[in-house]
Amino acid sequence: MGRKLLLEHIDVPGINTFDVYRQQGGYRAVEKALKTMSPEDVVEEVKKSGLRGRGGAGFPTGMKWGFLAKPEGVPRYLVCNGDESEPGTFKDRYLMTHIPHILVEGMIVSSFALGANTSYIYIRGEMMPQIRIVEKAIAEAKAAGFLGKNILGTGYDLEIYVQPGGGAYICGEETALLESLEGKRGNPRIKPPFPAIAGLYGCPTVVNNVESIAATVPIINDGGEEYAKIGIERSTGTKLISASGNIIRPGVYEIDLGLPVEEFIYSDEYCGGIANSKKLKALVPGGSSVPILPANLISKTVNGNARLMTYESLADGGFATGSSMGSGGFIVFDEDQCIVRNTWNFARFYHHESCGQCSPCREGTGWMEKILHKIETGRGSIEDIDLLWDIQRRIEGNTICPLGDAAAWPVAAAIRHFRDEFEWHITHPQEALSRNYGLAHYADPIEPVV
Amino acid sequence: MAEEEVKFRVTIDGIPVDVAPGTSILNAARQIGGDIVPPAMCYYSKLEGSGGKCRTCLVKVSKGSEKDPRPMPKLVASCRTTVMDGMEVQNITSPEVVDARKGVVEFLLINHPLDCPVCDQAGECKLQDLGYEHGAEQTRYEFGRRTFERIDIGDKIQLHMNRCILCYRCVYVANQLTNKREHGILHRGDHSEISTYIEEALDNDFIGNVIDVCPVGALTDKTFRFKNRVWFTKPVDAHRDCPSCSGKVTLWYKGADVLRVTGRKDEFGEVEDFICNTCRFDTKQTSDWILEEPTQVDKESVINSNHYYNFSPPPVIKENPVLQEANAEQLARTEKLK
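Taking an unreviewed UniProt entry as the reference, chain B is identified by name as 2Fe-2S iron-sulfur cluster binding domain-containing protein belonging to Sphingobacterium olei. Under the Sequence similarities (unreviewed entry) heading, UniProt states for chain B: "Belongs to the complex I 75 kDa subunit family."

The name given to chain A in an unreviewed UniProt entry is NADH-quinone oxidoreductase subunit F, with the source organism recorded as Sphingobacterium olei. According to its UniProt record, chain A has this under Function (unreviewed entry): "NDH-1 shuttles electrons from NADH, via FMN and iron-sulfur (Fe-S) centers, to quinones in the respiratory chain." Per UniProt, chain A has the following entry under Catalytic activity (unreviewed entry): "a quinone + NADH + 5 H(+)(in) = a quinol + NAD(+) + 4 H(+)(out)".

Below, the structure is given as structure tokens:
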């Protein structure tokens, strides 16, 4: 085990410089793609690889590229989404910090495939060091002739620009990102039209996550079919997982999709088990916006199958007993953690980050935060739990962009699986201030609340 | 047949209508009219790009089109979804839609001060109508409401941000009708506020139209504020030869005095023509105008002798107990009014 495609050379000293990266076989994919392949061939390879978007939604990247409109005389753009701000996810920052050139290489290959001559890397404003690192990498690549006019004598021109964001979570939503990139207020657009038809400056645009773009490098080097051999069914290749929480070895791990969740948590190669010999209580497998899983649903699905790190297996059971791969923000909770407090913390984040454009999200996120704060500080009533359920139900699916869903799902899942703990907080307000509930009584899967 | 233009057939709550391709579901419903027209707080047909934000016009598309009959997975904003041939849409015949709309109304009201008794918009307020038709009798919100200071936008318009539902209509007016963009949204989420950038007064010939497009009482006419309740004034259509606008307005009389001048509004509360500030604020003598006739006001409007709206559901509702239950409030109210 432990195959690495993206992080293969992570430990080589100086890998963030062009020369060392090149010595380790870097920019081979650019040479191969530009000199021996047509743009259609590159798209075909990515389709064959089965690569799915690594930003959260898991939409097949090759298919997304296939949707790109190609009208005559209109420029096309590739935009890399580096606005990574999901609580619990820090893989893109890690990748950009340590191996910026794999992103630049991926950008060149992907831009070539899409026929884009200008591409943008939109990086979250708080990541100032990473912005400088990526800018330096672009300058080095340009000096070496991999960017600019007539790259490697093939006649293909490409410029890559880095655009720092203003630090808004909502600008990670692709249309809000495009608005922000155009210099406007970062409000998500109403779809349709989708960016593939009318995106940046009204031109056809593809927006891809940092990791998705980086993954095109091994796909071109080894071939899409080789990449598709890794993983299970429709979850192919490797994935970066940002592991955090009460584990012995937090950090960014590259895993083969299909790895059992249990192995990922307890194997010494990865998280190394729960810290301080505590018991596992809950898991958020894909970043703050995906539903939380209670201990009894982590290593096995409700049908008794082993739960694997794949898009399908993590979502097995739907929202009643499953969760989602999301962006790979793997947050582990031990028995000492308070689910109510954690849910409040997430709700506070979404309240703060709602753009305020559509009413359910603007008003609902704030309302949920206030109620959760009330319960957490011992002033809640039993009706508040049902009220919370009602609010999240009326936000979900009724908003312009997925931020409303992302705010609603964690609250829904916390109530669904940890209702006991919410009730205990309300019935024992004094005790709840001084200690935590501990492990919940959820040996059996709890029936979904209707 | 050949010279006939292409029409798409769309069925809304069981009522078919043929509309031109590119029409939105909302506008198709408006062509049918009646109870099945989704309410719209932010969409304004005369402002490009408006709509999609308030989510009150959500509808269920139970059949996508003749070619692709799959239903749409989520409720869609009818103001920004175009019709397809053979589309079937459910508005008040879908319990899901009625419930979602009730939720939206609740969200819109949790931070609204509900100061209707002292609000100039009362009686012609879209949020009041919406709350009356779809809202609950009691709020479940027990926290402090967000508050702002009142701001004067120029010497004729006052912004009362507490009442604002952030529909963005005034932002589009400032963008599209005037040539100096000083009006927009500051901040984010439920702290968002309409602002003229750092309270710069808007001095522009058409900025008065923000009052007409505002669905609530957030933007009010300072020359009319607290002068009278709208239902005590009598609207009369009038026109004059105006060098900058169409000059077609509605005058609001109390006795022999013109208290207020507004654009002429249609049955969906949208003005027919935008009017200039001179007509709106500075021309309040009957002698300035050529009077036409008393304005036709919807019979359900409070301005027209305190009549409230009777709910006349399509026949499908009568047969289906689930739908009856979903629309129970409206049915009960109609019953009470009889």
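**Q** What am I meant to see in the nonpolar core here?
**A** Across soluble globular proteins, nonpolar side chains have a tendency to be buried as a group. Counting 216 residues, the largest nonpolar core has A:V79, A:L103, A:V109, A:V332 and B:V210 as its most contacted members. By residue number, the principal contributor to this core is helix α17 (residues 403–427) of chain A, which donates 13 residues. A:V79 has contacts with A:Y120, A:Y122, A:L177, A:L178, A:L181, A:L200, A:T205 and A:V207, leaving out every residue within four places of it along the chain.

**Q** Which parts of the structure should I look at to understand the interface of chain B and chain A?
**A** Size of an interface: often given as the accessible area lost when the parts come together. With 25 residues of chain B in contact, the opposing surface of chain A contributes 23 residues. The greatest single-element share of the side of chain B that touches chain A, amounting to six residues, is contributed by helix α2 (residues 95–110) of chain B. The residue inventory of the side of chain B that touches chain A, partitioned by class, reads 13 nonpolar, five polar and seven charged.

**Q** Explanation requested: the confidence of the model for chain B in the structure shown.
**A** The predicted coordinates of low-pLDDT regions are not to be read in fine detail. On average, residues of chain B carry a pLDDT of 89, and 96% of them reach 70 or more. Two numbers describe this predicted complex: its pTM, 0.92, and its ipTM, 0.90.

**Q** I tried to follow the domain arrangement of chain A on my own but got confused; where do I start?
**A** All names here are of chain A. For chain A, the assigned domains read domain 1 (18–229), domain 2 (232–334) and domain 3 (339–434). Each of domain 2 and domain 3 has a C-alpha centre, and the two are 23 Å apart. On the side of domain 3, 11 residues touch domain 2, which itself brings eight residues to the contact. Per-class residue counts for the side of domain 2 that touches domain 3 are six nonpolar, two polar and no charged.

**Q** Quick question: what am I supposed to make of the sheet that holds strand β4 (residues 205–209) of chain A here?
**A** All names here are of chain A. Pairing is parallel in the open sheet, where four strands are placed in the order β3-β2-β1-β4. Of all the strands in the sheet, the pair left with one neighbour each is β3 (159–164) and β4. Averaged over neighbouring strand pairs, the angle between their axes works out to 20° when direction is ignored. When strand β1 (residues 77–82) meets strand β2 (residues 118–123), the two strands line up parallel, connected through six bridges. By the bridge assignment for β2, N81 is matched with Y122. Packed onto the sheet, helix α8 (residues 174–181) meets β1, β2, β3 and β4 and runs at close to 105° relative to β1. Packed on one face of the sheet, helix α9 (residues 210–222) meets β1 and β4 and runs near 90° to β4.

Thresholds, definitions, all that
- Residues numbered from 1 in each chain as written.
- Chains lettered and ligands numbered in written order.
- Predicted model: local features only at pLDDT ≥ 70, side-chain atom pairs only at ≥ 80, totals over all residues.
- UniProt positions renumbered as here; feature names shortened; annotations may be inferred.
- Core = buried A, V, L, I, M, F, W, Y, C linked by C-beta atoms within 7 Å.
- Buried ≥ 20, exposed ≤ 12 C-beta atoms within 10 Å, placed from the backbone.
- Helix = DSSP H or I, 4+ residues; strand = E, 2+ residues; numbered from the N terminus.
- Contact = placed C-beta atoms within 7 Å.
- Nonpolar A, V, L, I, M, F, W, Y, C, P; charged D, E, K, R; others polar.
- pLDDT = per-residue confidence, 0-100.
- Domains from an automatic or database assignment.
- Pairing = 2+ DSSP bridges.
- Axes fitted to C-alpha atoms, helices over the stretch in contact; angles between N-to-C directions.

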